[in-house]
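# Notes for the structure review
Spelled out from the first residue to the last, the chains are:
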Amino acid sequence: MALPATLDTLLREADQYNLYEKLVVQLNKDFLLANIDLGFDENILPESLKLLLKETIYRLIQEKFADYLNLLYIIDVPEKQIRSLSGEDMVELSEQVTFLILRREWQKVWYRNKYLNS
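Structure report, in brief.

About the cut-offs
Residues numbered from 1 in each chain as written. Predicted model: local features only at pLDDT ≥ 70, side-chain atom pairs only at ≥ 80, totals over all residues. Heavy atoms only, no water. Helix = DSSP H or I, 4+ residues; strand = E, 2+ residues; numbered from the N terminus. Rg over C-alpha atoms; globule rule 2.2 N^0.38 Å. Core = buried A, V, L, I, M, F, W, Y, C linked by side-chain atoms within 4.5 Å. Buried < 20%, exposed > 50% of the residue type's maximum accessible area, 1.4 Å probe, protein only.

## A word on the overall build of the protein
In terms of regular secondary structure, the protein is built from 6 helices and 0 strands. Put simply, the protein runs from its N terminus to its C terminus through helices and strands in the order α-α-α-α-α-α. Taken over C-alpha atoms, the radius of gyration comes to 14 Å for the protein, in line with the 13 Å a tight globule of 118 residues would show. Expressed as lengths along the three principal axes of its C-alpha atoms, the size of the protein is roughly 40 × 25 × 25 Å.

## Quick word on the nonpolar core
The biggest cluster of nonpolar side chains holds 34 residues, and the ones touching the most others in it are Phe40, Leu49, Ile57, Leu71 and Ile101. When contributions to this core are tallied by element, the ones reaching two or more residues are helix 1 (7-16), helix 2 (20-33), helix 3 (46-63), helix 4 (65-75) and helix 6 (90-116). Take this core: its biggest share by element is 9 residues, from helix 6.

Take a look at the structure:
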């Protein structure tokens, strides 16, 4: 599996494989495990998902950093990738973290679909 290089590519692939709803379900599951009260509707448009997730990550970084770290741990975003990001611009940082979160969730959904349905 080649990981998508951009957020738009990732969302396009999820839609192409008919796994977008499963991606949203996985996000909801991990947010619930991290005790973050945010549930995405399974029919949310990709652009809305991107925007809402980015705003949530921004808010978590600014106001609830421990919850942010816990979410990254639950989702299993590699610490090395997070450390490689520049924290100078919080808006840019939240956008990059949003991509890393969605990419990791995409991996989980893609592998589960590939190996449970083969």
